[in-house]
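# Results of the structural survey
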Amino acid sequence: MRVVERINDVRSTVKEWKSQGLKVGFVPTMGYLHEGHESLIKKASEENDKVVVSIFVNPIQFGPKEDLASYPRDLKRDSEICERAGANLIFHPENEEMYFNDFSTFVDMNGLTNGLCGKSRPIHFRGVCTVVSKLFNIVAPDRAYFGEKDAQQLAVVKRMVRDLNIDVEIVGCPIVREEDGLAKSSRNTYLSEEERAAATILNKSLMLGKEEIQNGQRNSASIIKIIEDSIKSEKLARIDYVEIVDSSSLEKVEEINISSIKDFPNHPFKVINDEKMQEMVKSVKEYGVILPVIVRPKEDGTYEMISGHRRKRACELAGIKQIRCIVKDLTDDEATILMVDSNIQREEILPSEKAFAYKLKLEAMKHQ
Ligand code: AMP
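What this report covers is the structure whose coordinates are included nearby.

Calculation criteria
Each chain has its residues counted from 1, running along the sequence as written. Local features in a predicted model are, by the rule used here, given only for residues with pLDDT of at least 70; side-chain atom pairs are given and counted only at 80 or more, and totals for whole chains, interfaces and linings are based on all residues. Each side-chain value is derived from all of the structure's non-hydrogen atoms; neither hydrogens nor water enter the calculation. Working definition: helices are DSSP H or I runs of at least four residues, strands are E runs of at least two. Numbering for both runs from the N terminus. Three labels apply to residues, based on accessible area from a 1.4 Å probe with only protein chains included: buried if under 20% of the type maximum, exposed if over 50%, partly exposed otherwise in between. By definition, residues are in contact when any of their heavy atoms lie within 4.5 Å. Shrake-Rupley sampling with a 1.4 Å probe provides the accessible areas, and residues are treated as covered by the protein chains on show and by no other component. Charged residues are defined narrowly, with Lys and Arg counted positive, Asp and Glu counted negative, and His plus the chain ends left uncounted. Note on charges: their place is set at NZ of Lys, CZ of Arg, CG of Asp or CD of Glu. Pairing between strands requires that DSSP locate at least two bridges from one strand to the other. A 1.4 Å probe that fits but cannot get out identifies a cavity on a 1 Å grid over protein atoms alone, an open set with protein on both sides within 12 Å along at least five of seven lines counts as a pocket, and a residue lines either if it has an atom within 4 Å of a point. Grid points are joined across faces, edges and corners, and a volume is the space filled by probe spheres set on the points. Ten residues, namely Ala, Val, Leu, Ile, Met, Phe, Trp, Tyr, Cys and Pro, are considered nonpolar, four, namely Asp, Glu, Lys and Arg, are considered charged, and the remaining ones, Gly among them, are considered polar. For Phe, Tyr and Trp, rings pair up if their centres lie within 6.5 Å, where Trp contributes its six-membered ring, and each pair is then called stacked (planes under 30 degrees apart), edge-to-face (over 60) or tilted (otherwise). A ring is scored as having a charge over it whenever the NZ atom of a lysine or the CZ atom of an arginine sits within 6 Å of its centre and within 35 degrees of its normal.

## Points about the overall build of the protein chain
When you go through the protein chain residue by residue, the secondary structure sums to 14 helices and eleven strands. Referenced to the eigenvectors of the C-alpha coordinate spread, the extents of the protein chain come out at roughly 70 × 50 × 40 Å. Buried positions account for 43% of the 368 residues belonging to the protein chain. Sequence separation of 24 or more characterises 77% of the internal contacts of the protein chain that already satisfy a separation of 6 or more. Carbon and sulfur atoms form 49% of the exposed surface of the protein chain, whose accessible area is close to 20,500 Å². Of the charged side chains in the protein chain, 54 are positive and 60 negative, and the gap between their average positions amounts to 3 Å.

Shown next as structure tokens:
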């Protein structure tokens, strides 16, 4: 196994492998490796002929008050772990190799990166997307391996690869935990003995939520409350967020009482109680609402319907009290554009409705 610091050395090695028709797996890390990383490297070496591991503490994904300077480093130990797990090449660049003084190009993403960890770490995912796309350009792997521990990162990287047509398969790998359930993490070394004991509350609380779901609970709010209450029972714990989201879109999916969903103001499309509506009522009675509606939360605790006025009416007529909703945080203009876009292609819209809808959308777009 070789350790190289230069981009050119990685490129020439991988080129040579590829000319022999070999498949290349890639595991990007920030080093201070543990069994979690090791499981990724092992999987990569099982599924590919050659494995590259990058060890780089990427400065641009750390906020000003974060732990860039104190992030633990131990290249010698990391190399032994990589070798043992089946890696063929470690790429360990200096900052100067990765970032020119006047570096000025970033990969930024909307939506997926705004919520969850992105709320408290506003520049984090821009740094991750930028360095991961640079590493993909340097290594040019066939497959790249990421841990499910960083679930938002995994979803973000998959979306980036899709959106930018990067020719790599992203493989998600299960979380490796300590015996007491805490997910293994290089940052666990920051914890005092007392904090380390307290940290087990995270996994315990998640397991309570899992049990609740296995017992048939489908109401996100009550599952979240169980998890939150459990975490709060540990005095050293502070909650950043507890959310239930779709694992690839990261959108919140909740069962919401229809009575707390208000119509979109100025909604241009009339909901008519016609034959088609009767068919929908019948189908909703038989199968439920298959496609969740889209709502946005209002400050007073109610919701505003963005897409799904007809499905909501069908539920009302069918006597169904709750509906599955994707909950999106949207500005007024974003909400207007999505409301128009998600309705405009329907066949039965009147020309006057269409014209009014386009006018609304145009007004909203002018503000952007
Ligand atoms: P990091 O060095 O923290 O940037 O992590 C490098 C990769 O290892 C990321 O894809 C992480 O999600 C993954 N990883 C870190 N800890 C674990 C773990 N306990 N189980 C599985 N994967 C992990």
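Having seen the structure, we can now continue with the description.
## Concerning the sheet that holds strand 9 (residues 293-297)
Pairing in this open sheet of five strands is mixed, and the strands run 7-11-9-10-8 from one edge to the other. The open sheet has two edge strands with one neighbour each: strand 7 (252-257) and strand 8 (261-262). For strand 9 and strand 11 (residues 322-327), the ladder comprises three bridges, and the chain directions are parallel. Of the residues in strand 11, the one forming a bridge with isoleucine 294 is isoleucine 326.

## Quick word on the layout of surface pockets
Its volume calculated, the second largest pocket comes out at about 710 Å³. Every element with two or more residues in the lining of the second largest pocket is listed here: helix 7 (151-163) and helix 13 (332-341). Per-element tally for the lining of the second largest pocket: the top contributor is helix 13, with three residues. Among the residues making up the lining of the second largest pocket, the classes are represented as eight nonpolar, seven polar and eight charged.

## Thoughts on the packing of aromatic side chains
On inspection of all chains with the given rule, the structure shows six aromatic pairs. Judged by centre distance (6.2 Å) and plane angle (35°), the ring pair of phenylalanine 56 and tyrosine 99 falls under tilted. Here tyrosine 99 lies in the loop between helix 4 (95-98) and helix 5 (117-120) and phenylalanine 56 lies in the loop between strand 3 (50-55) and helix 3 (75-85), a separation of 43 residues in the sequence. Each ring, one from tyrosine 99 and one from phenylalanine 103, has its centre 4.8 Å from the other, and the planes form 85°; the classification is edge-to-face. Positioned over the ring face of phenylalanine 106 is arginine 126, at 3.9 Å from the centre of the ring. Here the guanidinium or amino end of arginine 346 rests over the ring plane of phenylalanine 269, the centre of that ring lying 5.9 Å away.

Coordinates in, geometry out; function isn't part of it.
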